[in-house]
Structures are given as C-alpha cells and as structure tokens.
Amino acid sequence: KFMEKAASNSTTNEWTLGTVRDSLIRQEDTIIFGLIERAKFPMNSVVYDQSFARIPGFGGSLVQYIVQETEALHAKLGRYESPEEHPFSDNLPPSLIRSHNYSQFLHPAANNININKKIWDIYFNQLLPLFTVEGEDGNYASTAASDLECLQALSRRIHYGKFVAEVKYRDAPKDYGHAIQAQDRDALMKLLTFKSVEEMVKKRVEKKAMLFGQEVSLENGGSKGKYKVDPSLVSRLYGEWVMPLTKLVQVEYLLRRLD
Ligand SMILES: C=C(O[C@@H]1C=C(C(=O)O)C=C[C@H]1O)C(=O)O
C-alpha cells in the first residue's frame, strides 16, 4: 500500500488542484490582455469573409489563412506535442525538432479530445460581436493575428480541463469511478463542479479587466470608469462560455478515464 502511494506521488508531485488552479488564474491574464488587444481594432468583418480573401490556392478567409499558416509553422517546432496545446487546423506538418519528454500525467485518451471547432464557432459568432465595435480600419492582418492569440489563449484554458479532471479523479477515484463506469455525465458534472470557485473566478476576472484595461495617467484621478474591455463582459464570458466549456472538457476526459 505504502509503495503504491509513494510511486503515484512521484509522478504527480507537480500536479495538484492548487497548482492547476494557479495556472488557470495566470491564464486569465493572457485571455484578458488578448481581448484588450483585439478590442483596439473594429470588427473588420472582411477578415472573416471567404469571398474577400481570394488567396491563390486557398479557399478560406484571411483569419483561416493566418491560423493555418501560423499553426503549420508552430507545428514544425513541436508546439502541438505539448499536452497543453491543441491546434485549430487539420493536417499539420510533423515536428522538425527533438521531442521534449512531457510527463505522462494524463490518460492517453486525452489525445482524442479537441473541442476547438466549438471554440471557433463561439468565438466568431458570439464573442467577437460583443467585444468589438462595428467598422473597418484596414488593419486586417493585425486583426486576424489578434484573433489567433485570443483563440489560442481560450483553447489552452478550456482544454486545461483535462488536467483539472485528472487531479480531481486522483483525489477521489472511487466517487468518480462509479460515475465513469455508469457513463453518467450528470453525475460527473456534479462531482467536478464547485460553485463557490466559479463565483470567485467571475469576480476576479472582472477585477482584472478593470485593472488591466484602465487608462493610466500621471495626473490625479486616472481612469474615469472607462475600460478597454467591459469588465462585466469578461465576467460574462467566463460564466457563460469559458467555465462551461472547461467543464465539458472535464466530463469528456473523465468519461474515457478508465478506457
Ligand atoms: C476548473 C475547475 O472546475 C470547475 C470549473 C471551473 C472553471 O472553469 O474555472 C471552476 C470550478 C469548477 O466548477 C476547478 O474546480 O477549478
């Protein structure tokens, strides 16, 4: 029994609910800064228009093009070999560099979970119209690059649910085991949900959006309640999309945890 415990500890020592939550907290900064950067530009809707792009040999929009090409470049440097990274594109080139020896913390079924199609649809159809103003300023490439930054940050955060789920499973394998064997989504959702943590997350991201998005001035007074992104919108983003999708990843992972 003791040996078993020691052996499992030696592979899990860097992963606890505390360290995993710390990472999620740090990733909030990345997401909020990403949104602030995107909000500098108006909607620039031609970036999403397939008929506008007309790139020779490529049928998609400007944003699809920048995502495809950037992910291909990053794939060559092994980006998607990290268990924390998930591409939006299919058919990426293989890595050209020596593989890092990533710790085998997750169950191998994690490799089959990628909800980026869903994240893509939500980002462009629901979030972008909330965070940007109507209009065109011609900064199409910067706009598309900025969308990619936001998508990557959201995707990483949401798929981090795999790590959250693994930690929670290891903390209570019996409770989760029953629900997994029954393939009971609702029971899993109940087990992994912490309402009080979710309330804290929503309040914290709202406060961060106020701090990061304020006008900084050397005169007294500083920010007069004008923020670069609406803090209540950031809170809503988390409550309606980011946390539910993170929980979806957790459920999807747990359902396969005993395969
Ligand atoms: C990520 C966790 O699991 C759930 C999802 C949360 C989130 O996405 O922030 C917060 C609390 C939990 O309901 C967690 O427990 O930290």
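Structure: see above.
We now turn to the structure provided with this report. Please read these numbers as outputs of a predicted model, since none were measured by experiment. (Residues numbered from 1 in each chain as written. Predicted model: local features only at pLDDT ≥ 70, side-chain atom pairs only at ≥ 80, totals over all residues. Heavy atoms only, no water.)

What follows concerns the overall build of the protein chain. For the protein chain, the count of helices and strands is 11 helices and 0 strands. In sequence order, the secondary structure elements of the protein chain are arranged as α-α-α-α-α-α-α-α-α-α-α. For the protein chain, whose C-alpha radius of gyration is 20 Å, the value lies close to the compact-globule estimate of 18 Å for 259 residues. In terms of its C-alpha atoms, the protein chain occupies a principal-axis envelope of roughly 65 × 55 × 35 Å. With 259 residues in all, the protein chain has 44% of them scored as buried. Contacts in the protein chain between residues far apart in sequence, at least 24 positions, make up 76% of those at least 6 positions apart. (Helix = DSSP H or I, 4+ residues; strand = E, 2+ residues; numbered from the N terminus. Rg over C-alpha atoms; globule rule 2.2 N^0.38 Å. Buried < 20%, exposed > 50% of the residue type's maximum accessible area, 1.4 Å probe, protein only. Contact = heavy atoms within 4.5 Å.)

Here the focus is the pattern of salt bridges. Under the defined criterion, the tally for this structure stands at 18 salt bridges. In this structure, Arg38 and Asp147 form a salt bridge, with 2.9 Å as the shortest nitrogen-oxygen distance. Taken together, the residues span a long stretch of sequence, with Arg38 in helix α2 (residues 17-38) and Asp147 in helix α6 (residues 140-159) at a distance of 109 residues. Across the pair Glu198 and Lys195 runs a salt bridge whose closest N-O atoms are separated by 3.3 Å. Placement of both Glu198 and Lys195 in helix α10 (residues 195-212) is noted, with a separation of 3 residues, approximately one turn of the helix. The buried category is assigned to Glu198, whose relative accessible area is 12%. Residues participating in the shared-partner salt-bridge network are Arg26, Glu28, Asp29, Arg204 and Lys208. (Salt bridge = Lys/Arg side-chain N within 4 Å of Asp/Glu carboxyl O.)

All right, on to the site of the ligand then. By nearness alone, 15 residues border the ligand, and Arg21, Arg157, Lys168, Phe194 and Glu198 come closest of all. A distance of 2.7 Å separates an oxygen atom of the ligand from a polar atom in the side chain of Lys168. Contact distances for the ligand include 3.1 Å between an oxygen atom and a side-chain N or O atom of Gln250. If the ligand stood free it would expose 360 Å²; the protein chains cover 99% of that surface. Residues belonging to the shell around the ligand are distributed by class as follows: 7 nonpolar, 3 polar and 5 charged. (Near = heavy atom within 4 Å. Polar contact = N/O pair within 3.5 Å; in protein donor to acceptor, adjacent residues only side chain to side chain. Areas by Shrake-Rupley, 256 points an atom, 1.4 Å probe, with all protein chains shown as cover. Nonpolar A, V, L, I, M, F, W, Y, C, P; charged D, E, K, R; others polar.)

Here we take up the packing of α6 against helix α11 (residues 231-255). Contact pair α6 / α11: the axes reach a minimum separation of 7 Å and the direction vectors enclose 50°. With respect to their mutual orientation, α6 and α11 come out oblique. The segment α6 lies against α11, with Leu154, Arg157, Ile158 and His159 engaging Tyr238, Val242, Met243, Leu245, Thr246 and Val249. The residue makeup of the contact of α6 with α11, split by class, is 7 nonpolar, 2 polar and 1 charged. (Axes fitted to C-alpha atoms, helices over the stretch in contact; angles between N-to-C directions. Parallel < 35°, antiparallel > 145°, perpendicular 65-115°, else oblique.)

Let us look at the packing of helix α4 (residues 62-76) against α6. α6 packs onto α4 with a crossing angle of 60° between their chain directions and a minimal axis gap of 9 Å. Regarding the angle of α4 to α6, the classification is oblique. In this structure, the crossing between α4 and α6 has a hand that is right-handed. Facing α4, whose interface residues are Leu62, Val63, Ile66, Val67, Thr70 and His74, α6 presents Tyr140, Ala141, Ala144, Ala145, Asp147, Leu148 and Gln152. Per-class residue counts for the contact of α4 with α6 are 9 nonpolar, 3 polar and 1 charged. (Left-handed = near helix turned anticlockwise from the far one by under 90°.)

Inspection of the entire model under this criterion finds 11 aromatic pairs. Measuring from centroid to centroid gives 6.2 Å for Phe105 and Phe163, while their planes differ by 5°, and the two rings are stacked. Of the two residues, Phe105 is situated in the loop between α4 and α5 (116-131) and Phe163 in helix α7 (residues 161-171); the sequence distance between them amounts to 58 residues. For Phe105, a relative accessible area of 3% translates into the label buried. Consider the rings of Tyr123 and Phe124, whose centres lie 4.9 Å apart with planes at 85°: the pair is edge-to-face. Each member of the pair Tyr123 and Phe124 is classed as buried. Ring-pair connections join several aromatic residues into one group, and the members of that group are Tyr48, Phe88, Trp120, Tyr123 and Phe124. Sitting over the face of the ring of Phe194, Arg21 holds its NZ or CZ atom 5.2 Å from the ring centroid. (Phe/Tyr/Trp six-rings, centres within 6.5 Å; stacked < 30°, edge-to-face > 60°. Lys NZ or Arg CZ within 6 Å of the ring centre and 35° of its normal.)

This brings us to unusual backbone geometry. Here Asn44, not a glycine, exhibits a phi torsion of approximately 50°, which is positive. Counting through the fold element by element, Asn44 comes out in the loop between α2 and α3 (50-53). Phi is positive for Arg54, which is not a glycine, with a value near 50°. Relative to the assigned elements, Arg54 resides in the loop between α3 and α4. Under the relative-accessibility criterion, Arg54 is labelled exposed at 71%.

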